[in-house]
Amino acid sequence: MKVLITGISGFVGSHMAEYLLQEHEVVGTIRQRSRLDHIKHLMDLQLVELIECELRDPFSVEALIASVKPDRIFHLAAQSFVPTSWNSPVDTIYNNTASQINIMEAVRRIKPDCKIQIACSSEEYGHVEAYEVPIKETNPLRPLSPYAVSKVTQEFLGYQYYKSYGLHTVMTRTFNHTGPRRGENFVTSNFSKQIADIEKGKQPPVLYVGNLQAKRDFTDVRDVVRAYWMALEKGLPGETYNIASGSCITIEELLQKLLALSKAKIEVKVDPARLRPSDVEILLGDYRKFHETTGWKPEIPLDQTLRDLLNYWRSF
Ligand code: GDD
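Trainee: What is the right way to read the pairing of strand E2 (residues 25–30) from this model?
Mentor: Counting buried positions along E2 gives 5 out of 6 residues, so the element sits mostly inside the fold. Of the pairings in the sheet, the one linking strand E1 (residues 2–6) to E2 comprises 5 bridges and is parallel in character. Looking across to E2, one finds that leucine 4 is bridged to valine 27. In this view, the connection linking E1 to its parallel neighbour E2 by way of helix H1 (residues 11–20) has right-handed handedness. Here 4 bridges tie E2 to strand E3 (residues 49–52), and the two strands are oriented parallel to one another. Paired with threonine 29 across the strands is isoleucine 51, a residue of E3.

Shown next, in the form of structure tokens:
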């Protein structure tokens, strides 16, 4: 099968490419300013085809779909960092929604039988009441950031194109995910990189943190890309599925797990700049709907994911 990955040079995109390569022809979109270090090993062996494409530009996307004619699309490209969405709300919402509209418009005209996975987010749930966990797909959406609103919009667009044009869209509401190559802004990578830098003497032994009270449900990225594949093979069109581990920890507990993996003596300090205008208090997902449809369940324990992530940052 011919598979197109938008955002192939990003964190999830690079893992998705590795997962698919054995059995499928993989094409990915990049932009001129994309950093390619996550996929350099695949490029050196000529295992993936890369096409420069500006997803915000309908002409660029139409040319892409016309030349690739994909059987499957994993739409992973997005502005995905929540704090950036407060600094650039218009850009976040425009980027994330326009890119998707351009893809679906091109697909419905040129390759209408192509199946499209849309990377949505547990951030869409936003404010969650204590009695609502573990969160099911039927929970109300109460988004708390412009990023979350952009993902709600992406999800509804996916549904609307299914209903209006019969496009085979499947929406995945993925809870937090991490693993090697996670961008350094995100909490798991940020803490791991600081620990690795302290161990190397590159940073004084003070680790800066934001809100440690938030609770998050983490899945390993390698389990997540397997879920995305299954979502298109077995998921129903127009449906939304939670992808989660089914358990959650506080960011404080996450920090303690990472600190326990290091021998360095480290002081922890709150950096007020890391606190958000509003932070989602708890995300704990119920993934039974997806499990019942596809058989998927997470396999990699969080402790292993964190070890792999810390070793990734130690390798630089
Ligand atoms: N980034 C960051 N840095 N977060 C911190 C820090 C810090 O120093 N200290 C505490 N946190 C807290 C944040 O306030 C938040 O409650 C939690 O750690 C996780 O933050 P992020 O890793 O930035 O992820 P996120 O939960 O905002 O969003 C991630 O998960 C979503 C799915 O729920 C992203 O990957 C999104 O793209 C994704 O959709």
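Trainee: How should I be thinking about the packing of aromatic side chains in this particular structure?
Mentor: The relation between two aromatic rings is expressed through the spacing of the ring centres and the mutual angle of the planes. According to the stated counting rule, one finds 10 aromatic pairs in the structure shown. Considering the side-chain rings of tyrosine 125 and phenylalanine 175, the 6.0 Å spacing of their centres and the 35 degrees angle between planes classify their relative orientation as tilted. One end of the pair, tyrosine 125, is in the loop between strand E5 (115–121) and helix H6 (146–165); the other, phenylalanine 175, is in the loop between strand E6 (168–174) and strand E7 (177–178), and 50 residues separate them in sequence. Residue classification places tyrosine 125 among the buried residues on the basis of a relative accessible area of 0%. Taken together, a centroid distance of 5.1 Å and an interplanar angle of 90 degrees make the contact between tyrosine 312 and phenylalanine 316 edge-to-face. A residue is classified by how much of its surface remains accessible, and phenylalanine 316, at 55% relative accessible area, is exposed.

Definitions and cut-offs
- Residues numbered from 1 in each chain as written.
- Predicted model: local features only at pLDDT ≥ 70, side-chain atom pairs only at ≥ 80, totals over all residues.
- Heavy atoms only, no water.
- Buried < 20%, exposed > 50% of the residue type's maximum accessible area, 1.4 Å probe, protein only.
- Helix = DSSP H or I, 4+ residues; strand = E, 2+ residues; numbered from the N terminus.
- Pairing = 2+ DSSP bridges.
- Right-handed = clockwise from strand over helix to strand, strands pointing away.
- Phe/Tyr/Trp six-rings, centres within 6.5 Å; stacked < 30°, edge-to-face > 60°.

Everything listed is a geometric property; what it means functionally is a separate question.
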